[in-house]
Structures are given as C-alpha cells and as structure tokens.
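Structural characterization, general
Listed below are the residues making up each chain.
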Amino acid sequence: MEAGKAASSAFLPCGGPGAQAGAGYDVYAKDCPARLVLNRLADKWALLIVSLLGTGPLRFNQLRREIEGVSQKALSQTLRRLERDGLIDRQAFPTVPVTVEYSLTELGQTLAAAFQPLASWAEHHIETVLDAQRRYDERASQG
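Residues numbered from 1 in each chain as written. Predicted model: local features only at pLDDT ≥ 70, side-chain atom pairs only at ≥ 80, totals over all residues. Heavy atoms only, no water.

Looking at helix H3 (residues 44–53)
Condition: Here the term buried applies to any residue with accessible area under 20% of the maximum for its type, exposed to any over 50%, and partly exposed to those in between, with areas from a 1.4 Å probe on protein chains only. Per the convention used, a helix needs a DSSP run of H or I reaching at least four residues, while a strand needs a run of E reaching at least two, with both numbered from the N terminus. What qualifies as a polar contact is a pair of N or O atoms within 3.5 Å, subject to a donor-acceptor requirement within protein and to the restriction that residues adjacent in sequence count only when both atoms come from side chains.
Of all 10 residues in H3, seven are buried, a share of seventy percent or more. Residues of H3 that are buried include every one of Trp 45, Ala 46, Leu 47, Ile 49, Val 50, Ser 51 and Leu 53, and no others. Near the N-terminus of H3, the side chain that reaches the backbone nitrogen of Trp 45, with its oxygen 2.9 Å away, is that of Asp 43.

In structure tokens:
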C-alpha cells in the first residue's frame, strides 16, 4: 500500500513561480506531472504524427510512408503513447487483414494547432540556424 501512495504522490499538483494562475502546475518544478507532456512534445515522431493527423485520419502504413525515416517499431510505440495520453484515437475495422485507422482526439487537435507555428518557424529559419552552426564550428575548429 505504501508503494502505491508513493507512486501517486509523484503526480500531485506542484505550485511554484512558473505555475499558471489557478492551474497549480509549474513545469519548472522537479516533480511536476506537466513535464510528462513536455517529454511527449520533445519527441519528434510524436509531433510529426500529430501534425499529419491534423489533416485527417490515416492508416499505419500511410503514416509510415509520409514520415520518412521512422521505423515500424518507433511508429508503433509512439502511436501507443499518444493513444494512452488521449491525443489520438485508434479504430480497428473488421477486415482481412484488420484495417486500423488513427485520428486526433479533441485534445490532439489542440496540440496540432499549437505545433503548426513551431513547424513553420523551423522551416522558415533552418538556413539561419545552419549558417550559425557552420560559423560556430569554424570558430571551434580554429581553437
């Protein structure tokens, strides 16, 4: 019973200087459960999946074709995590073989909308970032 108490207490609201008024969570606090969301957002596959599903439901192989470089294993694991987090829905159709389609939940739609400006920023500023990296690497190699 004590182990269960310890595990659940790790997910209590955490206040602090960065906490939103009335929300009781502060992502800057070490034990804040909102960091779980940030961890998901730091996963490039998760964001790319959510972004693609923002255009409408897709099947597994459609997602795999659209997201170049993602392995079948990484895609499967990421889809399961996103479903667990309530961001996507998984619907199986009784066909032979079974057809599975993924779509965004209402919560997932809010994430897709929030991600679009970040993706746009990355696409528009990549040349500047690459130039900065080249200049940095040149300085670092010169001592």
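Focus on a nonpolar patch on the surface
Stated precisely, the cut-off is as follows: Exposure above 30% relative accessible area and no salt bridge define the residues that can form patches, which grow by joining like charges within 9 Å and nonpolar side chains of Val, Leu, Ile, Met, Phe, Trp and Tyr within 5 Å. Methods summary: accessible areas were calculated by the Shrake-Rupley approach with a probe of 1.4 Å, and residue burial reflects only the protein chains presented. One side-chain nitrogen of Lys or Arg within 4 Å of one carboxyl oxygen of Asp or Glu is enough to make a salt bridge.
A surface patch of nonpolar side chains, about 320 Å² in accessible area, is lined by Val 27, Tyr 28 and Leu 38. Within the fold, Val 27 resides in the loop between helix H1 (2–9) and helix H2 (35–41). For Val 27, a relative accessible area of 31% puts it in the partly exposed group.

Quick word on unusual backbone geometry
Of note, the bond from Val 96 into Pro 97 is cis; its omega dihedral lies within 30 degrees of zero at -10°. Considering the arrangement of structural elements, one finds Pro 97 in the loop between strand S2 (88–93) and strand S3 (99–104).

Limitation: the analysis is restricted to geometry and does not speak to function.
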